[in-house]
Amino acid sequence: MSIYISEIVYNEIKKGGGPMSSATHENYPVLEINLGGIYHNAKTVVDMCKEKGIWVTGVVKGTDSFENSYLEVARQMMRAGCNMIGDSRINTIKRMRELGFDAPVLLIRIPMPSELEDVVKFTDASLNSELETIKQLDFLAGQQNKNHKIILMMDLGDLREGYIDDKELIKDALYIEKELKNITLYGIGTNLGCYGSIKPDTVNLDRLVSIARTIEQRIGRKLDVVSGGATSTLPMVMDGTVPEGINHLRVGEGIANARDLQDIWGLDLPIFRRNNYIIKAQIIEIKEKPSYPIGEIFVDAFGQKQTYVDRGTRKRALIALGKRDIGDIFSVCPCIGGTTVEGGSSDHLILDITDSETDLKLGDIVEFESCYCAMIHSTYSSSVTKKYIFPQDSEE
Ligand SMILES: *Cc1c(COP(=O)(O)O)cnc(C)c1O
């Protein structure tokens, strides 16, 4: 095993305690990351994709941090059989390299012209859509005596990154293949369901495969990668409609947190562990209060107009957890039955505990499950303590 993290921290993690375990009190809020659950989900995704001839790159961008979470999550994904690790930022990739991570890394955001030297240095492959950038990568790869792999992105209608004109993509692909010595045309790919909310389907993905076949004919070899999207393509893998020829996906949320497919797509997927990111936060006040604000209603802490429903006097717990920790107050879901998140601000979350199944008191710790937004923010937030757990039942 390479040295991913310091031995002391690793031994703490193996014991199940995490870096904070020896402390007599926790620095709340605490984010508990279930690495066993992440491994389980990665293995589930990798195995179901393998059956369809599809490789999975595990995307860690939603779980980045300068602490160890990024590295640990990446390690679980590789252990489960992912072919590469994908991330969107060079600074976190660089950090992971410094910590000794040596598996192949794919940069999944189109590189900034100002970071190309590091792209060549710290990654093995990148998604691209600008020939000028690719030519510069070729030049820098030559200087570093390296080869860099390129996946050209085709915009199939979601209108974020990629060529919108397939002829232009094909032309650039041929140019890269013929003219650029230090760049390997690794394949083509697409991204859906991000800006334009476009669903992957057989029409748009068939089009991607057909563009790949045209390029292959013209260059006289197979492309290694035809990358058909992210977590949102997994439903097509599961119901068997993913077109033949798609042989790669880049999956982040569907492995790390695995909530979207159930919460948003409405699929019943008990095979996935859906509580890998648990946030624990402390109650700092409990009072019975009116549910309708008193006085003239104007705007909230973020200048937003809000509406309030008068439900009479309610028992409320004020929790030391806010937008600074989780991005959006409603991106966490309390684990205690009968409680509901009412709202909050930068540093506070208001929890209605009138009908709580558990008797709560000042100082108690309340657990929350995180959605994608809370996962991203809490892993990045320097005010959140991260702990890692390996539950007994996780497959080793
Ligand atoms: C974020 C991202 C992914 C991963 O998306 P998930 O929905 O987390 O699976 C894949 N590819 C690109 C280009 C991305 O930006």
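Refer to the structure above for everything that follows.
Nothing here was measured: the structure is a model prediction, and the numbers come from that model.

**Considering the overall build of the protein**
Scanning the protein for helices and strands turns up 13 helices and 16 strands. Relative to the compact-globule value of 21 Å for 396 residues, the protein shows a C-alpha radius of gyration of 23 Å, a close match. Across its three principal axes, the protein shows a C-alpha extent of roughly 75 × 50 × 40 Å. Looking at the 396 residues of the protein, the share that counts as buried comes to 51%. Put simply, 66% of the contacts in the protein that link residues at least 6 apart link residues at least 24 apart.

**Structural notes on the nonpolar core**
One finds Leu152, Ile215, Ile319, Leu349 and Phe368 to be the most contacted residues of the largest nonpolar core, which totals 97 residues. Here this core gets eight residues from one element, more than from any other, and that element is helix 2 (residues 35-50). Built from parts of two domains, this core gets at least three residues from each of domain 1 (34-263) and domain 2 (278-389). In this view, Phe368 contacts Tyr277, Ile278, Ile279, Ile319, Leu321, Val332, Cys333, Pro334, Cys335, Val341, Leu349 and Leu351; residues no more than four positions away in its chain are not counted. In terms of nonpolar packing, the next biggest core, distinct from the first, is built from 10 residues, Ile108, Ala125, Ile151 and Val225 among them.

**What to know about the side chain of Asn83**
Here Asn83 lies in the loop between helix 3 (69-79) and strand 3 (84-87). Within the structure, the side chain of Asn83 is placed 2.8 Å from the side chain of Thr57, a separation counted as a polar contact. When near neighbours in sequence (up to four residues on either side) are disregarded, Asn83 contacts Trp55, Val56, Thr57, Met78, Pro104 and His248.

**Here we look at the site of the ligand**
As a matter of local geometry, the ligand sits amid 13 residues, with Lys61, Thr231, Arg250, Gly252 and Glu253 nearest to it. A distance of 2.5 Å separates an oxygen atom of the ligand from a polar side-chain atom of Thr231. In the model, an oxygen atom of the ligand is placed 2.8 Å from a nitrogen or oxygen of the Gly252 main chain. Of the residues belonging to the shell around the ligand, the class tally is five nonpolar, three polar and five charged.

**Focus on the side chain of Asp325**
Residue position: Asp325 is located in helix 12 (residues 323-326). Not counting chain neighbours up to four residues away, the residues in contact with Asp325 comprise Pro29, Ala374, His377, Ser378, Ser381, Ser383 and Val384.

**Thoughts on the pairing of strand 1 (residues 30-34)**
Strand residues, when the strand is regular, have side chains that alternate between the two faces of the sheet. With five of five residues buried, strand 1 lies mostly within the body of the structure. The side-chain alternation of strand 1 yields two buried faces, one formed by Val30, Glu32 and Asn34 and the other by Leu31 and Ile33. Where strand 1 and strand 16 (residues 385-389) come together, five bridges link them in parallel fashion. Residue pairing across strands places Glu32 opposite Lys387, the latter belonging to strand 16.

**Some points on a negative patch on the surface**
On the surface, a cluster of negative charge is contributed by Glu130, Glu132, Asp165 and Glu168. Examined against the element boundaries, Glu132 turns out to sit in helix 6 (residues 131-143).

**Describing the packing of aromatic side chains**
With the rule as written, the count across this model stands at zero aromatic pairs. The residue whose ring lies beneath Arg79 is Tyr39, and the NZ or CZ to ring-centre distance is 3.9 Å.

**Considerations on the packing of helix 7 (residues 166-179) against helix 8 (residues 202-219)**
At a closest axis distance of 10 Å, the pairing of helix 7 and helix 8 adopts a crossing angle of 35 degrees. Both helix 7 and helix 8 take part in a crossing whose hand is right-handed. For the pair formed by helix 7 and helix 8, the contact residues are Asp166, Leu169, Ile170, Ala173, Leu174 and Glu177 on the first element and Arg207, Ile211, Thr214, Ile215, Arg218 and Ile219 on the second. Among the residues making up the contact of helix 7 with helix 8, the classes are represented as seven nonpolar, one polar and four charged.

**Notes on the environment of Phe302**
Checked against the element boundaries, Phe302 lands in the loop between strand 10 (277-290) and strand 11 (313-319). What makes Phe302 partly exposed here is its relative accessible area of 40%. Residues Phe302 and Asp118 lie 184 residues apart in sequence; the distance between their C-alpha atoms is 37 Å.

Rules behind the numbers
Residues numbered from 1 in each chain as written. Predicted model: local features only at pLDDT ≥ 70, side-chain atom pairs only at ≥ 80, totals over all residues. Heavy atoms only, no water. Helix = DSSP H or I, 4+ residues; strand = E, 2+ residues; numbered from the N terminus. Rg over C-alpha atoms; globule rule 2.2 N^0.38 Å. Buried < 20%, exposed > 50% of the residue type's maximum accessible area, 1.4 Å probe, protein only. Contact = heavy atoms within 4.5 Å. Core = buried A, V, L, I, M, F, W, Y, C linked by side-chain atoms within 4.5 Å. Domains from an automatic or database assignment. Polar contact = N/O pair within 3.5 Å; in protein donor to acceptor, adjacent residues only side chain to side chain. Near = heavy atom within 4 Å. Nonpolar A, V, L, I, M, F, W, Y, C, P; charged D, E, K, R; others polar. Pairing = 2+ DSSP bridges. Patch = residues over 30% accessible without salt bridge, like charges linked within 9 Å, V, L, I, M, F, W, Y side chains within 5 Å. Areas by Shrake-Rupley, 256 points an atom, 1.4 Å probe, with all protein chains shown as cover. Salt bridge = Lys/Arg side-chain N within 4 Å of Asp/Glu carboxyl O. Lys, Arg positive; Asp, Glu negative; His and termini not counted. Charge placed at Lys NZ, Arg CZ, Asp CG, Glu CD. Phe/Tyr/Trp six-rings, centres within 6.5 Å; stacked < 30°, edge-to-face > 60°. Lys NZ or Arg CZ within 6 Å of the ring centre and 35° of its normal. Axes fitted to C-alpha atoms, helices over the stretch in contact; angles between N-to-C directions. Left-handed = near helix turned anticlockwise from the far one by under 90°.

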